[in-house]
Amino acid sequence: MKNKKTLLGVGILVVAVAALLAVYWFTRPQTEEGVKQITVQVYTDGQMLRKHEIRTTEEYLRGALEQEGLIAGEEQSAGFYVQTVDGVTADESQEEWWCLTKGGESLTTGVDATPIADGDTFELTLTVGW
């Protein structure tokens, strides 16, 4: 009897995990293959510091930014944490951090999970305050 309950519990767990994976697979952001031209604007102190036109075959933003040597940071459990953009390093003691937006809209993904498509415009803004 106890083995049947254990097997039933494991079976339910497997079905639940499979369902979650299926939902992720069909709702994840889609990538685009081939050459893409994107724009990356870097802002500090409320002013545009630089505008970069990037031609890339990368499918995710991180790859395109690293290809151009625009970002540096560290791997964390939640993904890649951007600390430096275009030579400007955020000062955590001053509660500074880099905010990523696309066309002025907030994103729910970081640079390593943000797919890019031809014509996209991204903004990296040095932001103060947690």
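Structure's up top.
Residues numbered from 1 in each chain as written. Predicted model: local features only at pLDDT ≥ 70, side-chain atom pairs only at ≥ 80, totals over all residues. Heavy atoms only, no water.

## Structural notes on the packing of aromatic side chains
Line of reasoning, step 1. Counted according to the given criterion, the structure contains 0 aromatic pairs.
Line of reasoning, step 2. Above the face of the Phe80 ring, Arg62 is positioned so that its terminal group lies 4.0 Å from the ring centre. (Phe/Tyr/Trp six-rings, centres within 6.5 Å; stacked < 30°, edge-to-face > 60°. Lys NZ or Arg CZ within 6 Å of the ring centre and 35° of its normal.)

## Considerations on the pairing of strand 4 (residues 79–85)
The two faces of a sheet get side chains in turn, since along a regular strand they alternate between them.
Line of reasoning, step 1. Here strand 4 lies mainly inside the structure; 5 of its 7 residues are buried.
Line of reasoning, step 2. In this sheet, strand 4 lies alongside strand 3 (residues 71–76) in antiparallel orientation, the contact comprising 6 bridges. Following the sheet pairing, Ile71 is matched in strand 4 by Val85.
Line of reasoning, step 3. Between the antiparallel neighbours strand 3 and strand 4 lie 2 residues. (Buried < 20%, exposed > 50% of the residue type's maximum accessible area, 1.4 Å probe, protein only. Helix = DSSP H or I, 4+ residues; strand = E, 2+ residues; numbered from the N terminus. Pairing = 2+ DSSP bridges.)

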